[in-house]
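Per-entry structural report
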Amino acid sequence: MSRLSFMEDAAAQRYVSWSGGEDSTASIILCHEKGIHLDGVVMSEVMFDHRRNISGEHPEHIEWVYKTAKPIIEEQFGYKVYILRDESDYIQEFFYTPKNPRIPERANKHAGFLLGGMCVANRNLKMRPLRKFFAEVGECEQIVGICADEAARLQKLSKKVNRRALLAELGIEKHETAQICRNYNLRSPIYKTGKRQGCWFCPNTTIKGFAELKKRHPELWEELRILSLTENLVSQSFRYELPFSEVDRRIDELNSLPEQISIFDFWED
Ligand code: SF4
């Protein structure tokens with residue numbers, strides 16, 4: 001399908017893929033300001049534990065999504081927000097034990113911690129519900145939050161069918177999206193701490209980021225500590241080559257320092 005003009009094809013279904021971050025939120029705001037029809041705004045929420053309703057998103061961020069952003073988008077802008085959750089969660093993926101693993105040494109072992117760079121949570125918990133949702137919708141256009149100055153991402157996007165970057169089309173650069181969000185009280189509180197949205201257990205998190213997590217949410221860190229005591233894990237490394245105990249030792253060391261360093265440098269890109 002050729003690219004649609006926003007105004008021409010009223011019959012085409014159109015969605016914004018939303019993470020709650022500044023760029024995708026600014027895309028929704030611009031759709032609203034320009035009167036662009038949307039059939040919905042779609043977000044995938046990774047869950048840590050369905051049974052106890054513990055989200056995998058940072059607590060401040062997901063609370064803002066449900067209590068502030070979703071009501072504004074739905075009630076003020078008139079766009080339906082779909083927050084998708086996969087049936088599985090982090091706990092289920094952690095304890096996944098394949099019956100006939102391809103590598104015999106993995107027999108009777110749990111999958112364990114996520115592998116940085118090959119994240120099962122991304123494939124199963126984040127992308128799978130999105131794929132299912134869009135398979136059910138059928139052919140539609142998806143607006144993604146990529147800015148005019150993100151050349152590499154735009155290059156990748158150009159190979160995808162039916163996806164477009166409204167921000168880039170309007171010439172909006174990355175440094176401009178925060179203010180667009182602020183104008184509508186739609187900037188996630190996670191930016192106040194310098195964090196980026198994503199899962200709080202993400203192996204890509206820096207040691208400083210985990211130190212901050214343990215300080216602000218010791219109950220979540222305790223969840224990971226308990227999991228780290230599990231035996232028979234295929235993947236024992238919590239953060240790339242580091243076991244949980246070593247990450248824990250390093251963050252305690254960091255948290256015991258006076259706060260002259262920027263504790264909020266959260267992620268490594
Ligand atoms: S934020 Fe990290 S843990 Fe979560 S899906 Fe992405 S890569 Fe995986």
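Higher on the page you've got the structure.
Residues numbered from 1 in each chain as written. Predicted model: local features only at pLDDT ≥ 70, side-chain atom pairs only at ≥ 80, totals over all residues. Heavy atoms only, no water.

**A look at the overall build of the protein**
Check the secondary structure of the protein and you find 10 helices and 11 strands. A compact globule built from 269 residues should have a C-alpha radius of gyration of about 18 Å, and the protein, at 20 Å, falls within 12% of that. Residues classed as buried in the protein amount to 46% of the 269 residues present. Once local pairs closer than 6 in sequence are excluded, the contacts in the protein between residues at least 24 apart make up 71%. Total accessible area on the protein is roughly 14,100 Å²; 50% of this is exposed by carbon and sulfur atoms. (Helix = DSSP H or I, 4+ residues; strand = E, 2+ residues; numbered from the N terminus. Rg over C-alpha atoms; globule rule 2.2 N^0.38 Å. Buried < 20%, exposed > 50% of the residue type's maximum accessible area, 1.4 Å probe, protein only. Contact = heavy atoms within 4.5 Å. Areas by Shrake-Rupley, 256 points an atom, 1.4 Å probe, with all protein chains shown as cover.)

**Structural notes on the nonpolar core**
Ranked by internal contacts, the top residues of the largest apolar core, which has 29 residues, are Phe48, Tyr90, Phe201, Trp221 and Leu224. For this core, the secondary-structure elements that each account for two or more residues are helix H3 (90–94), helix H4 (120–137), helix H8 (207–216), helix H9 (218–228) and helix H10 (244–255). In this structure phenylalanine 201 touches Val46, Phe48, Gly56, Tyr90, Leu114, Phe210, Leu224 and Phe238, once residues within four positions along its chain are discounted. With 28 residues, the next largest nonpolar core counts Val16, Ile62, Leu166 and Ile172 among its residues. (Core = buried A, V, L, I, M, F, W, Y, C linked by side-chain atoms within 4.5 Å.)

**Points about the packing of H9 against H10**
Running from amino to carboxyl end, H9 crosses H10 at an angle of 145 degrees, the nearest separation of the two axes being 10 Å. For the pair H9 and H10, the contacting residues are Trp221, Leu224, Arg225 and Ser228 in the first and Phe244, Val247, Asp248 and Ile251 in the second. Grouping the amino acids of the contact of H9 with H10 by side-chain chemistry returns five nonpolar, one polar and two charged. (Axes fitted to C-alpha atoms, helices over the stretch in contact; angles between N-to-C directions. Nonpolar A, V, L, I, M, F, W, Y, C, P; charged D, E, K, R; others polar.)

**Remarks on the sheet that holds strand S8 (residues 163–164)**
Strand order in the open sheet made by the five strands is S5-S2-S1-S7-S8, with parallel pairing throughout. The outermost strands of the open sheet, each flanked by one partner alone, are strand S5 (81–84) and S8. Across three bridges, the pairing between strand S1 (residues 14–17) and strand S2 (residues 40–44) is parallel. In the strand pairing of S2, valine 16 is matched with valine 41. Across the sheet, helix H1 (residues 22–33) touches S1, S2 and strand S7 (141–143), and the angle it forms with S1 is around 145 degrees. (Pairing = 2+ DSSP bridges.)

**Description of the packing of H8 against H9**
It is at 5 Å that the axes of H8 and H9 come closest, and there the two elements cross at 115 degrees. By the angle between their axes, H8 is roughly perpendicular relative to H9. Where H8 abuts H9, its residues Phe210, Leu213, Lys214, Lys215 and Arg216 lie against Pro218, Leu220 and Trp221. Of the residues contributing to the contact of H8 with H9, the split by class is five nonpolar, no polar and three charged. (Parallel < 35°, antiparallel > 145°, perpendicular 65-115°, else oblique.)

**Some details on the site of the ligand**
Residues in contact with the ligand amount to 10 residues; listed here are only the nearest, Leu114, Cys119, Asn122, Cys199 and Cys202. Residues of the shell around the ligand, tallied by class, amount to seven nonpolar, three polar and no charged. (Near = heavy atom within 4 Å.)

**Examining empty space enclosed by the protein**
According to the stated counting rule, one finds two cavities of 30 Å³ or more in the structure shown. Volume-wise, the second largest cavity comes out at about 40 Å³. Around the second largest cavity sit Tyr90, Glu93, Phe94, Gly112, Leu114, Ala121 and Leu125, which together line it. Ranked by residue count, the leading element in the lining of the second largest cavity is H3, at three residues. Residues of the lining of the second largest cavity, tallied by class, amount to five nonpolar, one polar and one charged. (1 Å grid on protein atoms, 1.4 Å probe; cavity = no way out; pocket = protein on both sides within 12 Å on 5 of 7 lines; lining within 4 Å. Points joined across faces, edges and corners; volume = space filled by probe spheres on them.)

Functional significance is not addressed by these values, which are geometric in nature.
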